[in-house]
Number of protein chains: 4
Amino acid sequence: MQPVMSAREIMEMLDREFPQIHAGGRVYAIDSVSTGQAVLRLTANELHLRPGGTISGPSMMALADLAAYVVILAHIGPVALAVTTSLNINFLRKPGPGDLLCTCRLLKLGKRLAVVECSLAGEGKEDLVAHATATYSVPPR
Amino acid sequence: MQPVMSAREIMEMLDREFPQIHAGGRVYAIDSVSTGQAVLRLTANELHLRPGGTISGPSMMALADLAAYVVILAHIGPVALAVTTSLNINFLRKPGPGDLLCTCRLLKLGKRLAVVECSLAGEGKEDLVAHATATYSVPPR
Amino acid sequence: MQPVMSAREIMEMLDREFPQIHAGGRVYAIDSVSTGQAVLRLTANELHLRPGGTISGPSMMALADLAAYVVILAHIGPVALAVTTSLNINFLRKPGPGDLLCTCRLLKLGKRLAVVECSLAGEGKEDLVAHATATYSVPPR
Amino acid sequence: MQPVMSAREIMEMLDREFPQIHAGGRVYAIDSVSTGQAVLRLTANELHLRPGGTISGPSMMALADLAAYVVILAHIGPVALAVTTSLNINFLRKPGPGDLLCTCRLLKLGKRLAVVECSLAGEGKEDLVAHATATYSVPPR
């Protein structure tokens, strides 16, 4: 299960096909793509914060959803149209200040469904702030 | 399980305590609050749309999370601090143009946990575009 | 979305294809099948009980999974092979003594995926003891 | 987060408090307990099998639920009463013949809630057959 797109190729595709993800400011970066895995970074702005400076739940859900899409795209290539079919998230701790990293792991890349596990933690932190699993419908390949 | 806050009182509280939810434009309205239930409305703007004019998955997750919070608040009152502990969502169909309504039903309002079921559908439509369940940690009352 | 199999036809098919569900005793019955809906009944025996006479979590998960299968089968017919791809359940209250009913509603019956919502309650009770959503992969039709 | 009970102590407690889990035959064993982790083993019998010799979905859900309980018990001790509040599972591949191992990891052990991640795979296999997250309500400590 080797990646067929690099982090830069994926970001260029996102910029072209989904410019809306940057509508509130350019906050997402792809830190890395590797075998069965991808790491996304959220540099939160005031749209993502809640009182006390903590990152909102919806911002974490959006990050997990995008990160799952990125790890799938990395392994099926740019022609593919993948659509989220479900997402389940557990919020574990309040995120502190600083960037949030989402590490995604492909649990399955099937003919029709892909299942991804996402671990969200502050940069340099061990304890997860949230954990998600997302399911995508992928086109026959 | 009678509501103890009206739709207007809840919106005033949200405006005061969570002004960030309006940061990208005032898109949420509380259509109604009744016994064990609340209906929220999303009037999507360009921040919420995807190519083809459809509402994005993260926008539906944010709507479900907010709607679940509203139905809980309506029944436990303004002093309470409730925090999302988990959310599970199934995306069923692409939403068409127009406002999106999220109807929330309290499945349980316990001493420590509240569980809410959310049905999302376009205004006047029968078929759901998404279905979610959310769990909130609620303070001892 | 009319059912194409009756409760009796489905139970005969289950008896033939999945005799294992009766291995610990004949505890499941199909109470009804109607448009987009099915109701299953669990008459628990000692395999399903926990201390205090309450029905175990795994018994409720098995009931929800079977009930979701039944409502899908009812609407796609006996030739179809459907496989659970995910299940999410919230346990809400301890079930009291007596039969447990699981009411399933088809939220979506797509070309590749079916999504079902399940409400579990004691017979004659209003309050749910558990609420589940299950996703099945269905064969192209 | 060191365990305070050994695998043997936990199994003795299960035998005493939940003899029902062995009602259909003694199929569960605790392979190991370590920091924030536990491994359970299911030696399936005819109650757990489906046509073709594959382990049923409900058997995997029951295994994940029990394994999550074991890892929590291991870290909070025998006095505690923990109750499943939710479980989410994705079925990834059909299990082959042989024992099934469920590796559980504590994502959070909070004052009121514990969240556990479960990876299910055949013994000696790398590919997961299922992946679950379970939430337990834990008593104040």
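The following refers to the structure shown. (Residues numbered from 1 in each chain as written. Chains lettered and ligands numbered in written order. Predicted model: local features only at pLDDT ≥ 70, side-chain atom pairs only at ≥ 80, totals over all residues. Heavy atoms only, no water.)

Attention now goes to the sheet that holds strand β1 (residues 28-34) of chain A. The strand order across the open sheet built from twelve strands is β1(A)-β2(A)-β6(A)-β7(A)-β8(A)-β5(A)-β5(B)-β8(B)-β7(B)-β6(B)-β2(B)-β1(B), with neighbouring strands paired in antiparallel fashion. The open sheet terminates on both sides in strands that have one partner only, identified here as β1 of chain A together with β1 (28-34) of chain B. Looking at each pair of strands side by side, their axes are set apart by 20° on average, direction ignored. Pairing geometry for strand β2 (residues 37-42) of chain A and strand β6 (residues 100-109) of chain A, over six bridges, is antiparallel. Residue pairing in the sheet places V39 of chain A in a bridge with T103 of chain A of β6 of chain A. (Pairing = 2+ DSSP bridges. Helix = DSSP H or I, 4+ residues; strand = E, 2+ residues; numbered from the N terminus. Axes fitted to C-alpha atoms, helices over the stretch in contact; angles between N-to-C directions.)

Attention shifts here to the pattern of salt bridges. Pairs can form between side chains of opposite charge whenever their charged atoms are close. One pass over the structure, following the stated rule, counts 31 salt bridges over all chains. Among the salt bridges present, the one from R26 of chain B reaches D15 of chain B, with a minimum N-O distance of 2.9 Å. In this pair, R26 of chain B is assigned in the loop between α1 (7-17) and β1 and D15 of chain B in helix α1, connecting sequence segments eleven residues apart. Looking at R26 of chain B, the relative accessible area reads 54%, which means it is exposed. With a closest N to O distance of 2.8 Å, D99 of chain D and R41 of chain D form a salt bridge. A residue pair is termed long-range when its members are at least 10 positions apart, and D99 of chain D in the loop between β5 (83-91) and β6 (100-109) and R41 of chain D in strand β2 (residues 37-42) qualify at 58 residues. Judged on exposure class, the residue D99 of chain D and its partner R41 of chain D are both buried. (Salt bridge = Lys/Arg side-chain N within 4 Å of Asp/Glu carboxyl O. Buried < 20%, exposed > 50% of the residue type's maximum accessible area, 1.4 Å probe, protein only.)

What follows is about the relation of the copies chain B and chain A. Note on the copies: chain B fits chain A at an RMSD of 0.0 Å, the axial shift is 0.0 Å, and the rotation between them is 180°. Expressed as a symmetry operation, the mapping of one chain copy onto the other fits a two-fold axis. Across chain B, the rotation axis passes nearest the C-alpha of N88 of chain B, at a separation of 2.1 Å. A shared binding surface is used by both copies, with 100% of the interface residues of chain B retained as interface residues in chain A. (Least-squares fit on C-alpha atoms with pLDDT ≥ 70 in both. Contact = heavy atoms within 4.5 Å.)

With that settled, the discussion passes to the packing of aromatic side chains. For the structure shown, the criterion picks out eight aromatic pairs over all chains. Residues F18 of chain C and Y69 of chain C carry aromatic rings whose centres are separated by 5.7 Å and whose planes lie at 90° to one another, so their mutual orientation is edge-to-face. Of this pair, F18 of chain C sits in the loop between α1 (7-17) and β1 (28-34) while Y69 of chain C sits in helix α2 (residues 57-76); the two residues are 51 residues apart in sequence, bridging distant segments of the chain. Exposure remark for F18 of chain C: the relative accessible area of 18% places this residue in the buried category. One aromatic cluster is present, formed by F18, Y69 and Y136 of chain A through successive ring pairs. (Phe/Tyr/Trp six-rings, centres within 6.5 Å; stacked < 30°, edge-to-face > 60°.)

Function-wise, these values are silent; they only describe arrangement.
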